[in-house]
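Observations on the three-dimensional arrangement
Listed here are the chains, written in short residue letters.
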Amino acid sequence: MKKSRLTYVAACVFCSTILFSSCVGSFGLFNRLSSWNQTVGHKFVNELVFIALNIVPVYPIAYLADAVVINSIEFWTGSNPMANVGDVRKVKGENGNYMVETLRDGYSISKEGDKKAMELIYNKDANTWNVVAQGETTELLKMKNDGTADLILPNGTTMNVTLDAKGMTAARQVAMDNSMFAAR
């Protein structure tokens with residue numbers, strides 16, 4: 001009788017970690033595994049590796065570890081222990097290729113072949129995103145607790161935007177107006 005009660009309590013605790021944490025998370029471990037699998041070879045080799053990693057339950061274990069442990073840690077601490085700190089990716093832009101390195105608290109962006117970098121840094125205490133270029137730090141965005149953010153415009157004024165498609169459209173419109181004005 002005691003063993004079945006212990007099993008019941010353990011099952012309830014396990015279910016509550018998933019149900020009550022209310023976090024979807026980024027599934028960093030599972031996505032890393034999936035990304036690696038897609039680079040093994042051509043599509044037939046990738047499929048064979050995928051099937052093998054499901055038979056030897058690597059995919060299910062990675063998914064379960066993300067769902068139960070890693071995403072819960074990300075929800076409660078605000079940082080993902082599986083973040084790709086140090087990863088560098090090449091991004092193609094209008095004016096050439098850019099190298100984007102993931103930092104612990106943001107990103108470092110530089111044009112391919114150029115030693116100068118610009119950093120986008122998240123300040124957790126102030127809840128702001130800042131740009132750091134040539135030793136100068138400028139605040140770009142301040143997140144609010146009401147589902148909005150204050151966007152700092154180039155002229156120094158702020159614009160409050162909602163964190164949805166409507167707010168992003170308004171922010172893009174203002175950014176485009178400012179870039180058009182600068183181009184004239």
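Computed from a predicted model, the values in this text were never measured in an experiment.

Spatially, β1-β2-β3-β4-β5-β6-β7-β8 is the arrangement adopted by the 8 strands of the open sheet, whose pairing is antiparallel. The open sheet has two edge strands, β1 (88-93) and β8 (158-162), and neither has a second partner. Direction aside, the axes of adjacent strands within the sheet are offset by 25 degrees on average. By the bridge criterion, 6 bridges tie strand β5 (residues 128-133) to strand β6 (residues 136-143) in an arrangement that is antiparallel. If you follow V132 over to β6, its bridge partner there is T137.

One can find D150 in strand β7 (residues 148-152). Judged by relative accessible area, D150 falls into the buried class, the value being 16%. Within the local environment of D150, its side chain forms a polar contact with the side chain of K144, the two groups lying 3.1 Å apart. A distance of 2.8 Å separates the side chain of D150 from the side chain of N160, its partner in a polar contact.

This paragraph deals with the packing of helix α3 (residues 43-55) against helix α4 (residues 58-77). One can describe the packing of α3 onto α4 by two numbers: an axis separation of 5 Å at closest approach and a directional angle of 70 degrees. The angle between α3 and α4 falls in the class roughly perpendicular. Contacts from F50, L53 and N54 in α3 reach V58, Y59 and P60 in α4. The residue inventory of the contact of α3 with α4, partitioned by class, reads 5 nonpolar, 1 polar and no charged.

Under the criterion given, the structure shown has 1 salt bridge. Close ionic contact of D150 with K144 constitutes a salt bridge, the shortest N to O distance being 3.1 Å. What makes K144 partly exposed here is its relative accessible area of 35%.

This brings us to the packing of helix α2 (residues 28-37) against α3. For any two helices packed against each other, the geometry is given by the interaxial angle and the distance between the axes. Relative orientation of the contacting elements α2 and α3 amounts to 145 degrees, with a least axis distance of 9 Å. Side by side, α2 and α3 meet where L33, W36 and N37 of the first sit next to N46, V49, F50 and L53 of the second.

Turning our attention to the confidence of the model for the protein chain. Mean pLDDT over the protein chain stands at 76; residues scoring 70 or higher make up 82%. A low-confidence stretch, residues 179-184 (pLDDT under 50), is modelled with 0 contacts involving residues beyond four sequence positions or located in other chains.

What follows is about unusual backbone geometry. One non-glycine residue, N127, lies in positive phi territory at about 60 degrees. Within the fold, N127 resides in the loop between β4 (118-123) and β5. Positive phi outside glycine occurs at Q134, with the angle close to 50 degrees. Relative to the helices and strands, Q134 is located in the loop between β5 and β6. Classification of Q134 by relative accessible area gives exposed; the value is 75%.

Our next topic: the nonpolar core. Core analysis: the biggest nonpolar cluster contains 6 residues, these being A149, L151, L153, M159, V161 and A171. Residue assignment for this core shows that the elements contributing at least two residues are β7 and β8. Not counting the four nearest positions on each side in its chain, L153 is found in contact with M159 and V174. Core analysis: the next-biggest nonpolar cluster, separate from the first, contains 5 residues, L33, V49, Y59 and A62 among them.

What counts as what
Residues numbered from 1 in each chain as written. Predicted model: local features only at pLDDT ≥ 70, side-chain atom pairs only at ≥ 80, totals over all residues. Heavy atoms only, no water. Pairing = 2+ DSSP bridges. Helix = DSSP H or I, 4+ residues; strand = E, 2+ residues; numbered from the N terminus. Axes fitted to C-alpha atoms, helices over the stretch in contact; angles between N-to-C directions. Buried < 20%, exposed > 50% of the residue type's maximum accessible area, 1.4 Å probe, protein only. Polar contact = N/O pair within 3.5 Å; in protein donor to acceptor, adjacent residues only side chain to side chain. Parallel < 35°, antiparallel > 145°, perpendicular 65-115°, else oblique. Contact = heavy atoms within 4.5 Å. Nonpolar A, V, L, I, M, F, W, Y, C, P; charged D, E, K, R; others polar. Salt bridge = Lys/Arg side-chain N within 4 Å of Asp/Glu carboxyl O. pLDDT = per-residue confidence, 0-100. Core = buried A, V, L, I, M, F, W, Y, C linked by side-chain atoms within 4.5 Å.

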